[in-house]
Structures are given as C-alpha cells and as structure tokens.
Amino acid sequence: MNNSTLIGKVKTIHVIILIFGFLLVFATFRWQAVEASRMTKLARQRSTTSEINSVRGTIFSSDGTTLAYSEPRFDMFIWAKDLEYYESLKLQTREEFLRKVAPIIDMTAETLENTIEDYVNRGILWVPIAKSLSDKQWDELNNLKADEFDTPLKGFQFENKSKRIYPEKRIASHVVGLSNVINDKTIGLGGVEEGWNEILNPIKGILVQETNAKGEAIATALTATIEPKNGSAVYTSINKKLQEIVQQKLKEGVEKYKALSGSAVIMDPKTGQILTLANYPDYDPNLREEKDPAAYGNEALSAPYEMGSIGKALTIAAAVDLDRVDSETIILPNGHQGCENFTDELGDLCTWDRMPQPAMPLKDCFAKSDNICLFHLAKEKLSKEEFHNYLVKFGIGKSTGIDLAGESYWPIKDADEFNIGDIAAMSYGHGYLVNLVQAVSSVSAIANNGVRMKPYVVTKVVDSDGHISEYKPQILDTVIKPETAEKMFYMMNYNYQKAIYYGEWWYDDIRDYNLGVKSGTALIAQNGAYSDEINASFVGFDQSPQRTFIMGIKLERPQEPAGENLSAYNVRPLWLDTFQAVKDVIGVPRQ
C-alpha cells in the first residue's frame with residue numbers, strides 16, 4: 001500500500017470520527033436542551049411523594065380499657081392523566097381497572113366510570129372516588145394486579161386520614177372530650193383531647209418513591225424523608241365502672257328532680273386523682289347528635305355557682321385552726337329570733353326557716369346550717385385578713401390547675417375590700433363563686449388532714465418510642481393543722497348522722513359508715529338580685545384511715561319536690577343513693 005492510499009484512509013477515518021463526534025454533541029444538546037422538560041416530566045411521573053400513616057394517641061381508663069383511639073382511614077383519588085398514561089403503555093385497560101377497583105370501594109363498575117367521566121368532562125382531572133376507606137380496603141387496592149403483565153394496577157392515589165373512635169360512647173365523654181379536623185389538622189375539643197392535644201397528635205411520615213416504566217416500585221429508590229410517629233398514649237385515673245354507675249345515678253337524679261343539669265365528681269383526697277367526673281346532659285362523641293350546645297360543656301369545671309352552706313365548713317375550719325372555737329363553743333349565748341338586721345343598707349339576715357333558735361354549740365349551728373350563727377362566728381372570731389387568707393388557701397378564687405381543658409375560676413375581693421355584707425355572705429358560702437371541682441378540692445383539704453392536693457386526671461403518658469412519663473400527686477397547700485381536721489371530722493360526721501332522716505329505712509345499710517358530709521342550698525342571682533331558684537349541692541368523704549374518696553354532686557335549678565326548695569329534698573337523697581351504689585366499687589370500709 002503506497003503512502004497516498006494510506007493517507008486517504010486516515011482522512012476517511014478522521015471524517016467518520018468527526019461525523020460521530022458531531023452527532024454525539026448534537027444528541028447531547030438535544031437531550032439536555034430540547035428534550036429536558038419532557039424528560040423531567042417523565043421522571044416526575046415515575047417519582048411520587050406520599051404520606052406514611054400515623055395516628056393520634058389512644059386514651060385509656062385506669063383499668064387499661066380504651067376510652068378513645070384512632071383508626072387509619074384513606075381518601076381515594078384518581079389522577080385522570082395517570083390512568084390514561086398507564087393505558088397508553090398497554091400495561092392495563094380501563095375495563096379491568098373499573099372491574100377490579102369498583103367492588104372494593106362499594107361501587108359498581110358503571111358508577112365508577114360515570115363518576116370519572118363526570119369530573120373529566122367538567123375539566124377536573126383530580127377525581128375524588130371514595131372517602132374514609134379502611135386498612136383492609138387499602139390493602140386490597142394496593143394488591144390489585146394488571147392482567148397482562150402481573151404488575152400493580154395503577155391510576156389511583158390515597159390521602160392518609162384517620163377516624164377517631166370512642167368505644168365507650170357516653171361514658172366519661174366530658175373527661176375525654178372530642179376532636180375535629182380543621183385545615184387537615186386534628187384539634188381536641190374539651191377534656192383530655194384538648195388539654196393534651198399536642199401530646200396526642202402524631203407526626204406524619206413522608207415517603208419518596210420511584211417506579212419503572214411498568215409502574216413497579218424501585219426498591220433502591222425508597223427514601224423516607226420524615227419518619228412517622230404515632231401520638232402518645234395517655235392513661236387516666238378514671239375508673240370506668242365507677243364512672244358508668246355515677247353517670248346513671250346522675251341522669252336519674254336530674255330527671256327525678258327536674259333539674260336543668262347535674263354534675264358529679266369523685267376524687268381520691270390523698271392524691272388528687274379524679275376517679276369520676278360526670279355531667280348530665282352528656283353526649284356521644286361518635287355521633288354528636290345533641291342539639292343543645294350545653295350538653296357539650298363540662299359544667300363540673302366551667303359552670304360558676306355559689307357553694308352555699310358547704311362553705312360553712314371552710315369558715316368553721318378557719319376559726320378552729322386559729323384555736324378561737326371548738327365543736328362545743330356557744331356562738332350566740334342568747335340565741336336568735338330567726339332573722340337579724342345587721343346593717344341599714346341590706347335586708348335582714350335569716351336562717352332557712354326563719355325560726356328562732358336557742359343558744360347552740362357550734363356543732364349544732366353547723367348541723368342546722370344556721371346562717372346567723374356563722375355570720376357571728378366570722379365577724380367576731382376572725383379578722384378580715386384571716387378570713388380572706390383561709391378562703392384563698394382552701395382554693396377559693398383560684399384555678400385548681402386540673403389537667404383538663406375548660407376550667408373557669410372567679411377571683412374574690414382583697415381583704416381590705418371586705419364589707420359587713422361580704423363577711424355575712426361568705427361566712428355561709430355565698431358571695432364567692434366556684435365550680436364543682438373547686439368545691440370538692442376545697443373540702444378535700446379537711447378530708448386529707450389539712451393538705452389540699454392538686455386535682456388531676458392523667459397519670460401516665462407513653463410516647464411512640466416507649467418512653468414513659470408518670471405524673472405524681474402534687475400538694476397545692478397545707479391549709480389547716482391535722483388536729484383541726486380531726487375536730488372537723490367530728491362535726492361533719494355529726495352532720496352525717498343527722499343527714500339520714502328518721503324513717504328512711506332504705507338507708508339503714510349505710511348508717512354505720514364513717515362519713516363526713518355537708519349540703520349547700522344557694523339562691524341563684526339574676527339581674528343583680530337573688531331569684532327563687534337554687535343550685536343544690538352536697539359534698540361528703542370517707543373519714544376512715546383509708547380516706548378512700550370525696551364526692552360532690554350538684555343539681556342546677558331542681559324543681560322537685562314542688563314547694564321544697566332545699567338541697568335536703570333533692571341532692572341529699574341523690575348523694576346518699578349514689579354512695580350506696582358506689583361504696584363497694586370504691587372499697588369504702590365500714591366502721
């Protein structure tokens with residue numbers, strides 16, 4: 001081969017290389033510039049971002065049974081372009097899609113097809129197909145296969161939801177509360193659901209997934225960018241069996257005495273744990289069918305009322321603690337005439353029956369709930385500052401700090417603002433406002449040897465990683481001396497012996513329990529004056545060494561028995577009936 005021939009071949013090779021180089025550069029330019037958007041679109045079509053399901057935390061009663069839990073639910077959508085895309089690749093047909101999907105979501109193939117076409121004809125490509133599908137339906141849909149290639153059936157997507165379920169229905173509904181979804185976020189309303197909302201709420205996970213041309217997931221391309229975490233489990237002190245009994249008794253009492261509403265609270269005075277909290281009317285948080293909005297309010301925490309003669313226990317305890325009186329002290333050596341004019345600006349101060357009374361020891365003033373006697377006790381044995389400070393230590397005018405949402409409280413005047421009318425009213429439990437939990441909390445200081453504990457419901461929280469946070473009893477205040485509490489036990493038990501009337505043979509079984517009690521009848525103020533309607537309340541506790549319980553019950557505006565406008569005729573028998581029903585569940589010892 002001569003040189004000219006060789007040179008010619010080399011030139012030919014160079015030309016071929018140049019042509020290939022040019023084609024390569026052109027192809028690269030085309031893929032990077034001209035086809036870039038199309039390739040990006042194709043890549044995105046094979047990459048999906050989805051939420052990994054997580055659910056709101058469960059709420060438990062003290063025995064470990066469930067009061068509220070969440071089940072995963074899924075809303076199903078069809079992206080019409082996806083459906084057309086997979087059909088264009090011959091991976092599946094429209095007919096098999098409709099035939100396989102429809103039965104799982106409780107539709108016919110024809111209905112499903114019409115639904116899709118209706119949305120598409122209106123220019124809506126993101127088609128909602130089914131709401132609140134269960135885990136089982138989600139699994140069935142995701143396990144569907146195309147006939148031709150045995151690949152996953154494609155064209156639908158899910159949005160993670162959840163459904164809150166309250167298996168005990170009305171039981172403890174005001175303690176548990178309920179929840180709503182607002183702007184795709186679950187919000188607790190009332191009770192534990194609201195008070196512990198952030199603890200209960202989950203953290204959703206995010207998953208980025210790539211698929212091949214057939215729609216199959218590429219295992220190496222699974223990236224969990226955010227790990228899901230379920231909401232924490234919340235354990236409460238609510239005794240479910242006790243709660244059910246108390247709710248039934250409260251309902252019977254409201255209906256029997258034709259009251260507007262009723263509330264009941266049972267607490268362990270040694271710890272502050274709430275064993276039962278009930279209101280009637282109540283509601284089923286699953287149905288939410290009650291038309292009266294008052295049914296959803298936690299009246300035991302949020303409804304203000306004057307506690308009435310139950311407040312006399314606080315006044316007497318203050319005077320006893322300061323060693324000014326004891327149970328045998330005669331407050332009015334000359335007795336009284338049933339009414340007393342103590343100021344020119346205010347009307348007469350009277351006892352409930354306006355009957356004259358002889359000189360009485362303090363224990364009988366207490367048992368007869370004598371307003372005049374208590375007024376003189378507060379006015380003559382306590383300074384304004386002392387009276388005010390003891391009321392505050394008993395919790396009057398302050399929040400209890402209970403761990404449920406919705407507690408309201410109403411401050412009392414400063415001591416230097418007390419006038420003679422304030423001293424009179426406050427001495428027998430008027431002139432300041434409480435809710436039922438506050439009333440029970442105040443008297444619990446007497447029951448617990450002078451120490452007032454913080455009321456609480458949540459005893460333990462367990463997060464999704466298994467970490468446990470336990471909540472222990474907390475002392476709010478040491479209110480009176482233990483020996484003062486002992487003296488109050490005597491007077492309150494003396495009152496209990498008189499609280500079961502002669503001839504009430506049906507209460508014979510509970511006469512020998514060592515209980516201390518006090519009732520309260522408070523006129524309801526309207527338009528700046530007291531009306532003829534009342535709030536009737538009753539608080540009592542176990543005085544045995546075990547101090548197993550303190551229970552308060554309140555009836556709002558009871559109308560029966562007609563003409564008997566006193567707590568003795570309505571809330572007193574309701575309290576005794578309820579105690580009979582719960583004493584063995586609580587484990588109250590006999591004397």
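Up top is the structure.
Novice: Account for the overall build of the protein chain, naming residues and giving values.
Specialist: Of regular secondary structure, the protein chain possesses 19 helices and 21 strands. Buried residues in the protein chain amount to 49% of all 591 residues. Counted over contacts in the protein chain with a minimum sequence separation of 6, partners at least 24 positions apart contribute 70%. Within the structure as shown, the protein chain displays about 27900 Å² of accessible surface, and the carbon and sulfur contribution to it stands at 53%.

Novice: Which residues make up the pairing of strand 10 (residues 233–236), and what are the values?
Specialist: Pairing geometry for strand 2 (residues 59–60) and strand 10, over two bridges, is parallel. Note on strand 10: the bridge partner recorded for Ile-59 is Val-234. Pairing of strand 10 with strand 16 (residues 458–462), which is carried by four bridges, proceeds in the antiparallel orientation. By the bridge assignment for strand 16, Ala-233 is matched with Val-462.

Novice: Describe the sheet that holds strand 20 (residues 529–542), and please don't skip the residues or the numbers.
Specialist: Read from one edge of the open sheet, five strands run 12-11-21-20-19, paired in antiparallel fashion. Two strands lie at the open edges of the sheet, namely strand 12 (274–280) and strand 19 (515–526), each paired on one side alone. The mean inter-strand angle of the sheet, taken between neighbouring strand axes irrespective of direction, is 10 degrees. Bridge count for strand 19 against strand 20 is 11 bridges, and the pairing is antiparallel. Residue pairing for strand 20: Ala-522 is matched across the bridge by Asn-535. Each of strand 11 (261–267), strand 12 and strand 21 (550–556) is contacted by helix 10 (residues 240–256), which is oriented at about 30 degrees to strand 12, the strand it contacts most. Sheet strands in contact with helix 18 (residues 482–499) are strand 19 and strand 20, and its direction is about 80 degrees off that of strand 19.

Novice: Before we move on, can you summarise the nonpolar core with the specific residues and values?
Specialist: Within the largest apolar cluster, 83 residues are counted, with the highest numbers of intra-cluster contacts made by Val-192, Ile-316, Tyr-432 and Ile-446. The dominant element in this core, judged by the number of residues it contributes, is helix 17 (residues 436–447), at eight residues. By size, the runner-up hydrophobic cluster in this structure holds 34 residues, among which are Leu-250, Ala-264, Tyr-513 and Phe-538.

Novice: Before we move on, could you go through the state of the cysteines and cite the residues and values that matter?
Specialist: This structure, assessed with the given rule, holds two disulfides. For Cys-339, the disulfide goes to Cys-350, at an S-S distance of 2.0 Å. Judged by the sign of its S-S torsion, about 110 degrees, the cystine formed by Cys-339 and Cys-350 is right-handed. In this pair, Cys-339 is assigned in strand 13 (residues 339–340) and Cys-350 in strand 14 (residues 349–350), connecting sequence segments 11 residues apart. Looking at Cys-339, the relative accessible area reads 26%, which means it is partly exposed.

Novice: Go over the packing of aromatic side chains, please, and point to the residues and values.
Specialist: In total, this model carries 21 aromatic pairs according to the counting rule given. Aromatic side chains Phe-97 and Phe-156 sit 6.1 Å apart centroid to centroid with 40 degrees between the ring planes, which places their arrangement in the tilted category. Note that Phe-97 is positioned in helix 4 (residues 94–104) and Phe-156 in strand 5 (residues 156–165), a separation of 59 residues in sequence. Judged by its relative accessible area of 0%, Phe-97 is buried. On the basis of relative accessibility, which here comes to 11%, the residue Phe-156 falls in the buried class. Here the aromatic residues Phe-74, Phe-97, Trp-138, Phe-156 and Phe-158 are joined through ring pairs into a cluster of three or more. Taking the ring centre of Phe-366 as reference, the NZ or CZ of Lys-518 above it sits at 5.6 Å. The ring of Tyr-501 carries the charged tip of Arg-572 above its face, separated from the ring centre by 3.8 Å.

The rules we used
Residues numbered from 1 in each chain as written. Predicted model: local features only at pLDDT ≥ 70, side-chain atom pairs only at ≥ 80, totals over all residues. Heavy atoms only, no water. Helix = DSSP H or I, 4+ residues; strand = E, 2+ residues; numbered from the N terminus. Buried < 20%, exposed > 50% of the residue type's maximum accessible area, 1.4 Å probe, protein only. Contact = heavy atoms within 4.5 Å. Areas by Shrake-Rupley, 256 points an atom, 1.4 Å probe, with all protein chains shown as cover. Pairing = 2+ DSSP bridges. Axes fitted to C-alpha atoms, helices over the stretch in contact; angles between N-to-C directions. Core = buried A, V, L, I, M, F, W, Y, C linked by side-chain atoms within 4.5 Å. Disulfide = S-S within 2.5 Å. Phe/Tyr/Trp six-rings, centres within 6.5 Å; stacked < 30°, edge-to-face > 60°. Lys NZ or Arg CZ within 6 Å of the ring centre and 35° of its normal.

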